[in-house]
Amino acid sequence: MLDIRRMRVLREVARRGSMSAAADALNYTPSAVSQQVATLEREIGVALVERGPRSIMLTDAGRALADHAEIILARLEIAETEVREIAGLRGGRLRLATFRTAGETIMARAITAFHTQHPEVELRLVEGEPEDYLPLIKSGEIDLGLDFEYDHLPRLRVESSEEQLLMEDEIGIALPARHRLAEQEAIELDELAGEAWIGSTPRSSAHGFTERLCAGAGFEAQVKFETDDYHVAEALVATGVGIAFLPRMAVATAHPDIVVRPVAPTPPMRRIFAVFRAGGLRSPTTSAMVTLLQEISAEAAGAADWSAGAAPA
Amino acid sequence: MARGRPLDLRRIELLEHIERGGTISAAADTLNFTCSGLSQQLRLLEGELGTALVERSPREATLTDAGRVLMHHAAYIRERLELAEREVREIAQLRGGQLRIATFRSVGETLVADAVAYFCAHWPGVRLALRAGEPEDYLPLLRAGEVDVALTFAYDGVDSPVLDQRLALAHLCDDEMVVVLPAGHRLARYERLPLEALRHDRWIVSTPRCSVQAFTARACRAAGYEPRVVLATDDYRIAQALVACGGGVTFLPRLATRALHAGCAVRPLEGDGLFRHIYAAHRVGGERSPALARMLEVLREIGRDDAPAADYPGGIHA
């Protein structure tokens, strides 16, 4: 195996065009540089530099090796930087991904708190659907992503990841404010047979939740509209074209012309998880963020009520 | 400023063995280390980075996040190192790499073409790049490292070989200067020509930029007359065509007459002859590159074979 430190010497000779300039840059003596290059030449069995009277020029082999040395040394520096980032929060980076309702609530608050505590860590956030961004955990493009799991629905598992349950988020029913059942404290599902529904698109892992739940209550849901955007769903509910299941987390930011009522007798739930790289909690940034998310989620779960527009305390 | 010393890859690679072995002692076994030796190497690396890379317990050793990140990068780096080594060894064994040649035209069509053909047949892995021009154009490229070997020449009595302490010259051959006559010229029946006999002929020469003009003037003056120049061209094929249609006579180096116009005859001068000396120039130290060293050998060999193989196209006693 070629010696990386000697390759670094060659790289400096290539960059600076002379043994003595390379020696200055490396804090070596010129003869030490010359010797290192000669050793590398012996190891690999071919001349790497043309030793001319006034200047040093690389041979074809020397140029090829110096090009590789650039790439290899850059990679080694990246490795070192990444390790130092993991070792301390200073200068670290945390790449987050969230779905919409959590992004507007627990994630927004967690980011604010994290930034206050660790202003030197660079935060990045993408919003999307878990099935799109969770696979990026494995490839290392994101460090932490939020996921949800609805009652009765299967959940996609992501390879090489770990997770932490953050909270249980109760699912209520969103009705237009003038709906016949809007005044009721809680609603039993069989009271909703015959309603038009707004459900999730097949892309979402919440797809089928409306159908399953209504089937469990003994009727077939008439899903007239499909959207994965809660705000669109709420607007459709407000105009009276249909009703929809809505997680309690979304209520705080809900449309003013709708009401959300809990389901009786057994409220359906979704669970919210933080998902991260296996072993990710050993990274101080990831672990600090997971802790914050747990604290904030616990507060949110405890404090929220069903009044639309009421921000959790 | 260059950054500090790079990390020691061999130490980083210990991580992979620990990950695979699951314990320090298993890793130490496969590495032929003692447990304490391995632990010490690890501690040095951890100290350098200021963070734990391995979580050790009596029953297992697992990599920390930092350790795993480092291990993944090390795998990439090792692949790249192997690739580098392979590539350089191929260059060493003349199975890879490239050689950049610059030549002037008459030699490019003959000696260099033969050398390139021979080289390609024997070492097809080496990429050859050929540039044609005039030495004054490409010698600066040789000095600058953009060309590896450059063909150059010196005409008897006109110029001396390029002198530059950074350049070395390998003598390849002495290319005899011959007179190109129309095939039906009154003197074509002579095997060798006395230059005095051409005192009344019209001469075709090169432009002042090329040495043939000065060479012709010097040679004719030495023979006792001033040549009557009717035309200057640097294109020796055009010069031959002009000779063939009776436009005059011209001096050309023999290598420039290898592909001779059918209407021309070629005759050397009486006596010891006059020559254009051909050299391969390269940077001092450039011959340390195996491809260049081999190309110089091939050029010398072909140069040796080429010069004496002087038959006289155009026919003698035609």
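The present account deals with the structure reproduced in this document. The structure displayed is predicted, hence computed values, not measured ones. (Residues numbered from 1 in each chain as written. Chains lettered and ligands numbered in written order. Predicted model: local features only at pLDDT ≥ 70, side-chain atom pairs only at ≥ 80, totals over all residues.)

1. A closer look at the overall build of chain A
Broken down by element type, chain A carries 12 helices and 12 strands. Relative to its 313 residues, chain A shows a buried fraction of 46%. When contacts within chain A are restricted to residue pairs at least 6 apart in sequence, those whose partners lie at least 24 apart make up 73%. (Helix = DSSP H or I, 4+ residues; strand = E, 2+ residues; numbered from the N terminus. Buried ≥ 20, exposed ≤ 12 C-beta atoms within 10 Å, placed from the backbone. Contact = placed C-beta atoms within 7 Å.)

2. Quick look at the interface of chain B and chain A
Each partner contributes residues to the interface: chain B has 42 residues there, and chain A has 42 residues. Sorting the residues of the side of chain B that touches chain A by element identifies helix 4 (65–92) and helix 10 (290–306) of chain B as the ones contributing at least two each. Per-element tally for the side of chain B that touches chain A: the top contributor is helix 4 of chain B, with 18 residues. Residues that form the side of chain B that touches chain A fall into these classes: 20 nonpolar, 11 polar and 11 charged. (Nonpolar A, V, L, I, M, F, W, Y, C, P; charged D, E, K, R; others polar.)

3. Concerning the packing of helix 2 (residues 19–26) of chain A against helix 3 (residues 30–44) of chain A
Residue and element names in this part refer to chain A. At their nearest, the axes of helix 2 and helix 3 sit 8 Å apart, and the two run at 105° to each other. The orientation of helix 2 relative to helix 3 falls into the category roughly perpendicular. Taken together, the residues of helix 3 that come into contact with helix 2 (itself represented by Met19, Ser20, Ala22, Ala23 and Leu26) are Pro30, Ala32, Val33 and Ser34. (Axes fitted to C-alpha atoms, helices over the stretch in contact; angles between N-to-C directions. Parallel < 35°, antiparallel > 145°, perpendicular 65-115°, else oblique.)

4. Remarks on helix 3 (residues 35–49) of chain B
Quick reminder: α-helices carry 3.6 residues per turn. Residues three or four places apart thus point the same way. An ideal rise of 1.5 Å per residue puts 21 Å on 15 residues; helix 3 of chain B measures up with 21 Å between its terminal C-alpha atoms. Those residues of helix 3 of chain B lying buried are Leu38(B), Leu42(B), Leu45(B) and Leu49(B). Down the axis of helix 3 of chain B, the smallest arc covering the buried residues is 60°, so these residues share one side. Turned more than 90 degrees from where helix 3 of chain B packs its buried face, Ser36(B), Gly37(B), Gln40(B), Leu44(B) and Gly47(B) sit exposed. Buried positions along helix 3 of chain B lie against helix 4 (60–87) of chain A together with helix 1 (9–21), helix 2 (24–31) and strand 1 (54–56) of chain B. (Expected span 1.5 Å × (residues − 1). Arc of directions from axis to C-beta.)

5. A look at unusual backbone geometry
In most cases, non-glycine residues show a negative phi, while peptide bonds are predominantly trans. Following Ala264(A), the chain continues to Pro265(A) via a peptide bond in cis, the omega torsion being 0°. With respect to the helices and strands, Pro265(A) occurs in the loop between strand 11 (258–264) and strand 12 (269–277). A positive phi is found at His152(A), a non-glycine position, where the angle reads about 70°. Tracing the backbone shows His152(A) in the loop between strand 5 (144–150) and strand 6 (161–176). According to the C-beta neighbour criterion, His152(A) is exposed, with 12 such atoms within 10 Å. Look at Leu94(B): it is not a glycine, yet its phi comes out positive at around 55°. Here Leu94(B) is to be found in the loop between helix 4 and strand 3 (98–103). When the 19 C-beta atoms within 10 Å are taken as the criterion, Leu94(B) is described as partly exposed.

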